[in-house]
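# An overview of the molecular structure
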Amino acid sequence: MRRPIAVAQRHSRLLTSGVILAAQSLLLTLAAVPATASADDTRTPARGTAHMGTGVLAHEGVRGRPVGTRVAQTEGVDVSSHQGNVAWSTLWKSGVKWAYVKATEGTSYRNPYFAQQYGGSYDAGMIRGAYHFATPDTSGGAAQADYFVDHGGAWSKDGKTLPGVLDIEYNPYGATCYGRTHSQMVSWIRAFLDRYKQRTGRHAAVYTSTNWWTQCTGNYSGFGANNPLWIARYASTAGTLPAGWDFHTMWQYTSSGPTVGDHDKFNGALDRVKALANG
């Protein structure tokens, strides 16, 4: 009678030891991976997925919402493939009067939703334009301007089309300043803006944040005379502007607005938006 009991006890101890070892192994495996990590956290995003403000939120965060002002402001939005098919009539009814749509990135990416977004905003009654996400590490500024103009970034004096925008900001795919020195970055931007002016007859606007501009161009002041500024800052005010600009034309103030995330304010009444469209 005692022998079977001893065998059973031995089997029980072995089973218990196996369970403990398995649990310890699992705990060691889990400890090797940060608790908040996911498969996407360590993977560089795919080329083409960048959009206005893609790095502003990550690098600069949110520091409040706009405070009231007596100066007339006109609500706008900016969209990319992240928003898919946009409910433009809903935005129009909410008071949004202008929009910018991502057209291109680098010299190989085109927004697959561009037609619905660009044409849909127009059909809803909005004044709209297109923007290009710059990747100075992949090709020259002039080449990217040509690609932009050829694929949605052109301008026409119809009273409903805003000039194109160069979105130059934090690099979501690698080094913040795309591996370029201050002078190299300024030269790249100038090449893009000059070619856009040659192709369309309009000066493109520049979208950026003051922090990025200071870090990556050395706070260069040479574009403020001709190129409208679209400042990115998620705070109560637009804050200090990059050198060379005395005022901002547009301000991206949030990435979490109603209907679509990125909402903006035009620094003026609707007639000023129309004036920019007409050139």
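Let me sum up the structure you'll find in this document.

Definitions and limits used
Residues numbered from 1 in each chain as written. Predicted model: local features only at pLDDT ≥ 70, side-chain atom pairs only at ≥ 80, totals over all residues. Heavy atoms only, no water. Buried < 20%, exposed > 50% of the residue type's maximum accessible area, 1.4 Å probe, protein only. Helix = DSSP H or I, 4+ residues; strand = E, 2+ residues; numbered from the N terminus. Pairing = 2+ DSSP bridges. Contact = heavy atoms within 4.5 Å. Disulfide = S-S within 2.5 Å.

For strand β8 (residues 250-254), the tally of buried residues reaches five of five residues, placing the bulk of the element in the interior. Two elements, strand β7 (residues 229-232) and β8, share three bridges in a ladder whose sense is parallel. If you follow Ile231 over to β8, its bridge partner there is Trp251. Relative to strand β9 (residues 263-266), β8 is paired through four bridges, and the arrangement is antiparallel. Note that in β9 the partner of Met250 across the bridge is Phe266.

By secondary structure assignment, the location of Met185 is in helix α6 (residues 182-200). Sequence separation between Met185 and Cys216 is 31 residues, and the spatial gap between their C-alpha atoms is 7.0 Å. When residues no more than four places from it in sequence are discounted, the contact partners of Met185 are Pro136, Ile168, Cys177, Tyr178, Arg180, Trp212, Cys216 and Thr217.

Turning our eyes to something else, we now look at the state of the cysteines. The tally for this structure, following the rule as stated, stands at one disulfide. Covalent S-S linkage joins Cys177 and Cys216, the inter-sulfur distance amounting to 1.9 Å. Residues Cys177 and Cys216 are joined through a disulfide that is left-handed, its torsion about the S-S bond being -75°. Of the two residues, Cys177 sits in the loop between β5 (165-167) and α6 while Cys216 sits in helix α7 (residues 210-217), which places them 39 residues apart along the sequence.

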